[in-house]
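Fold and geometry: a report
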Amino acid sequence: MSRKKTPKCKGGSVPAASALPAANGPRPVRPGTAHPGPEAPPNGPPQFGRPSLGGGGDFYDVAFKVMLVGDSGVGKTCLLVRFKDGAFLAGTFISTVGIDFRNKVLDVDGVKVKLQIWDTAGQERFRSVTHAYYRDAHALLLLYDVTNKASFDNIQAWLTEIQEYAQHNVVLMLLGNKVDSAHERVVKREDGEKLAKEYGLPFMETSAKSGLNVDLAFTAIAKELKQRSTKASSEPRFRLHEYVKNEGQGSSCCRS
Ligand SMILES: Nc1nc2c(ncn2[C@@H]2O[C@H](COP(=O)(O)OP(=O)(O)OP(=O)(O)O)[C@@H](O)[C@H]2O)c(=O)[nH]1
Ligand SMILES: [Mg+2]
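Heads up: these notes are all about the structure in this document. (Residues numbered from 1 in each chain as written. Chains lettered and ligands numbered in written order. Predicted model: local features only at pLDDT ≥ 70, side-chain atom pairs only at ≥ 80, totals over all residues. Heavy atoms only, no water.)

With that settled, consider the nonpolar core. Membership of the largest hydrophobic core comes to 35 residues, with the highest contact counts inside it found for L115, L141, M173 and F218. Contributing elements (two or more residues each) for this core: β3 (60–70), α1 (76–85), β5 (99–108), β6 (111–120), β7 (139–145), β8 (171–177), α6 (214–229) and α7 (240–247). If one sorts the elements of this core by residue count, α6 sits on top with eight residues. The residues touching L115, leaving out its near neighbours within four places in the chain, are F64, V66, R102, N103, K104, L106, F218 and A222. (Core = buried A, V, L, I, M, F, W, Y, C linked by side-chain atoms within 4.5 Å. Buried < 20%, exposed > 50% of the residue type's maximum accessible area, 1.4 Å probe, protein only. Helix = DSSP H or I, 4+ residues; strand = E, 2+ residues; numbered from the N terminus. Contact = heavy atoms within 4.5 Å.)

As a further point, take the coordination of the magnesium ion (ligand 2). Within the protein, the magnesium ion (ligand 2) binds to T77 (OG1) and T96 (OG1); these donor distances fall in the range 2.1 Å. Taken as a pair, T77 in helix α1 and T96 in strand β4 (residues 92–96) lie far apart in primary sequence, 19 residues in all. (Donors = N, O, S within 2.8 Å, 3.2 Å for Na, K, Ca; no water.)

As a further point, take the environment of I99. On the secondary structure map, I99 appears in strand β5. Accessibility expressed as a relative area gives 7% for I99, which makes it buried. Once the C-alpha coordinates of I99 and V129 are considered, the two residues, 30 residues apart in sequence, prove to be 7.5 Å apart.

Our focus in this paragraph is the packing of α6 against α7. Relative orientation of the contacting elements α6 and α7 amounts to 155°, with a least axis distance of 10 Å. By the angle class used here, α6 and α7 are roughly antiparallel. Where α6 crosses over α7, the handedness of that crossing is right-handed. Where α6 approaches α7, its residues L216, T219, A220, K223 and E224 are matched on the opposing element by L240, Y243, V244 and E247. Class assignment for the residues of the contact of α6 with α7 results in five nonpolar, one polar and three charged. (Axes fitted to C-alpha atoms, helices over the stretch in contact; angles between N-to-C directions. Parallel < 35°, antiparallel > 145°, perpendicular 65-115°, else oblique. Left-handed = near helix turned anticlockwise from the far one by under 90°. Nonpolar A, V, L, I, M, F, W, Y, C, P; charged D, E, K, R; others polar.)

Taken as a whole and assessed by the stated rule, the structure comprises 11 salt bridges. Of the charged contacts, one joins R102 and D85 as a salt bridge, the two residues approaching to 2.9 Å between their closest N and O atoms. Of this pair, R102 sits in strand β5 while D85 sits in helix α1, placing them 17 residues apart in sequence. Three or more residues are tied together by salt bridges with common partners; here these are R185, R189, E193 and E205. (Salt bridge = Lys/Arg side-chain N within 4 Å of Asp/Glu carboxyl O.)

Extensive coverage of β8 is indicated by the burial of seven of its seven residues. Going residue by residue along β8, you find V171, M173, L175 and N177 tucked away on one face and L172, L174 and G176 tucked away on the opposite face as well. Bridge analysis of β7 against β8 gives seven bridges, and the strand direction is parallel. Directly across from Y144, in β8, lies its bridge partner G176. Sheet topology note: the β8/strand β9 (residues 203–205) ladder contains three bridges and is parallel. (Pairing = 2+ DSSP bridges.)

Structure follows, in structure tokens:
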């Protein structure tokens, strides 16, 4: 993972890098158990069924691209490491350089959903790199840091950027991260809820440190994308907003 050391913060170190996927490369459709339905995923076809990847047992029926965006330091990389490895690594804050990605396969109602998760650099100087990847993203997780008011105030600017570069029907979720830092909190939960409501976004508070709502955020995205890609006429319709609202845990308790 390409990261650059900055001396300003405490925080996570990260595992080794993986190869960078092409932003706009071809996405071949392979035979698999899931089939595209009338509601195809937002940004062109997902990848269907892949026998394996390098013998690593990376079987899946359908694959989607998810992007993590938000200001530098809000915890995007830590959220991804928590989701992928179940860990929060203490150490110096190493700011992401450019963009990186990691894969995780989830079982969603018997369907193997592979999420290719792109971890972007929040620093302004890498913005042009990030822009190139927006249009292939099926879903975006937009993060702010509840202990950093500026990161919350910048959400509107991020939304403008998303509107400009992402597909119009991209699945989007707002996350207020670092809720474990109760004493340093400066953005109230209600403020996050209000902003999310204003823009019609599903919203949750998370903690990469404690694990609160981390799996849930990615699972919710996977469920929504899977539903959009399959006919699923026999299944009840998945409702992202309701799922997140009902399943999300409050910041006062800890769930991983
Ligand atoms: N207390 C607490 N600290 C966190 C949490 N998530 C991340 N941090 C800390 O916040 C700092 C930044 O985390 P990163 O995940 O590297 O931030 P980022 O959004 O990837 O930053 P860029 O790569 O520069 O865009 C590090 O010091 C982390 O340890 C969290 O949930 N709780
Ligand atoms: Mg990062």
